[in-house]
Structures are given as structure tokens and as C-alpha cells.
Amino acid sequence: MAVLVNFKICDNAKECGGIEVCPTGALSWDEENETIKIDNEKCISCGSCEQNCPIGAIRVAYDDEEYKKISKEIEEDPRTTKDLFVDRYGAAPLSEFFMIEEKDLNKKIGDGITLVECYEDDSIQCLLKSIPIKDITSNMPKDTMFYKVEANDELKKKYNINELPTLLLFKNGNLLGKIEGYYQVEQKEELINKINEINN
Ligand code: SF4
């Protein structure tokens, strides 16, 4: 009957898993407006998109009553994309959701603030000793995004990276600065201060 997207937590990307599996084109990518487009005339409520969204941002309603209920839930949802930041700076990726490939980096750097952690296997430290991304973005706007990318030589050269992991901070598409090296969880405040210095 209808599909709903909770854009409060959706990263609204072309690579949306729901678009990938939708058999009717009810979910598609609007190139012009760079957003996920919904055409409920085409939705057959098969549920594939809902199952293929790793964060539960896509919901399918099977009747009017359910549509109203889900709409209300989305309207009242206090979460933002930042609430999904379960990954940690300087740690093996916990979730595929924030992993991107180097070739897609430019597309992911949007308006607002984008943090990109560049890493290689050697730079990943013990998970329990690393810093939750939610903590280091607590003073940042709700639409702040975070990604992890495995650094290849080209990327290291492009951003003049000498040590991994490196955190790149972009604002409105421009690189504001970078922080190189691993920070223990005990150094969280130091890392936050460095980020704030770059961001101000
Ligand atoms: S429920 Fe099925 S038809 Fe409707 S948007 Fe999702 S995948 Fe497409």
C-alpha cells in the first residue's frame, strides 16, 4: 500500500538498499534533487525494502491505519543520524553502514559537517580503547555525517596523510583540517578540543 522513509535517521544516499531491491520503482533516486523519491502508486507493499534497510529507516504500511501510525511514529521520533553513530574513532568498523569506498568519498561529502576516518588494518586499535563517534560529535549539528574509508596510497597523497588513523573534517564540501594518529579513550577531551579548534 505505501512505503515511508524516516529521513530523520536515513542518510538519503543513492546507494539506498531499499532502492536496490524495490521491484516496481516505488523507491528510486531523484538525480535532480539528490534525494530518495517515493511513488506510492507503484508500491505493492512487498516489504523487501524494509528488510534491506540496515537501520530501520524504511517502513511499509499495509493499510491506512498503519500508515497513520507509522507517520506519527516518524513525526515523533527524536533521533537523528548522529544517534546511529555506534562506530568508534580508531576502531575496526562495527557497522558496514558507515563504510564507504575511496571512489565514493567526494559524493559523500555534503553540506554541513562530514567527518571521515581514514584507516588501514594496522591503524585499528582495540575497540574498547577507542572513542564513540557520538561523543566526539555531541556539539555538532544534527545533520553531521561520519564515514570510514580504508586509505589507499592515492587518498594518503591527496590529503597528505602521514599517520593512520586520520580524521578528516569537511564543512560545506571543503576540507577544514585533519587530525592524525590514534587517540586513546582517555584522550577523548583532547581529541574533541582539536576538532573544535578546526571547526571554529
Ligand atoms: S514495499 Fe516493495 S514495492 Fe513498496 S517500496 Fe518497498 S520494495 Fe518497493
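In this report, the structure presented in the accompanying data block is examined. (Residues numbered from 1 in each chain as written. Predicted model: local features only at pLDDT ≥ 70, side-chain atom pairs only at ≥ 80, totals over all residues. Heavy atoms only, no water.)

### Remarks on the site of the ligand
Lining the immediate surroundings of the ligand are 13 residues, of which Cys22, Cys43, Cys46, Gly47 and Cys49 lie closest. If you map the ligand onto the pockets, it falls in the largest cavity. Tallied by class, the residues present in the shell around the ligand amount to ten nonpolar, three polar and no charged. (Near = heavy atom within 4 Å. 1 Å grid on protein atoms, 1.4 Å probe; cavity = no way out; pocket = protein on both sides within 12 Å on 5 of 7 lines; lining within 4 Å. Sits in = over half its atoms within 2 Å of the grid points. Nonpolar A, V, L, I, M, F, W, Y, C, P; charged D, E, K, R; others polar.)

### Re the layout of surface pockets
Of the volumes computed, that of the largest pocket is approximately 770 Å³. Contributing to the lining of the largest pocket are 28 residues, with Asp11, Asn12, Lys108, Gly110 and Tyr147 lying nearest its centre. For the lining of the largest pocket, the elements supplying multiple residues, two or more each, are helix H4 (105–108), strand E7 (113–119) and strand E9 (145–150). In terms of residue class, the lining of the largest pocket is built from nine nonpolar, six polar and 13 charged. Of the volumes computed, that of the second largest pocket is approximately 470 Å³. Lining the second largest pocket we find 23 residues, and of these Glu15, Cys16, Gly17, Pro54 and Phe97 sit closest to its centre. Secondary-structure elements contributing two or more residues to the lining of the second largest pocket are helix H1 (17–21) and strand E6 (99–100). At three residues, H1 tops the list of elements feeding residues into the lining of the second largest pocket. Residue classes in the lining of the second largest pocket are distributed as 13 nonpolar, four polar and six charged. (Points joined across faces, edges and corners; volume = space filled by probe spheres on them. Helix = DSSP H or I, 4+ residues; strand = E, 2+ residues; numbered from the N terminus.)

### Some remarks on the pairing of E9
On any regular strand, side chains alternate: one points to one face of the sheet, the next to the other face. Among the six residues that make up E9, five are buried, leaving the element largely enclosed by the rest of the structure. Inspection of the sheet shows E6 paired to E9 by two bridges, in the parallel sense. Across the sheet, Ile100 pairs through a bridge with Val149, a residue of E9. The pairing of E7 with E9 spans six bridges and is classified as parallel. From the neighbouring strand, Tyr119 faces E9, where its bridge partner is Glu150. (Buried < 20%, exposed > 50% of the residue type's maximum accessible area, 1.4 Å probe, protein only. Pairing = 2+ DSSP bridges.)

### Some points on unusual backbone geometry
Following Leu164, the chain continues into Pro165 via a peptide bond in cis, with omega recorded as 0°. Although it is not a glycine, Asn160 sits at a positive phi angle of roughly 50°. With respect to the helices and strands, Asn160 occurs in the loop between helix H6 (153–158) and strand E10 (166–171).

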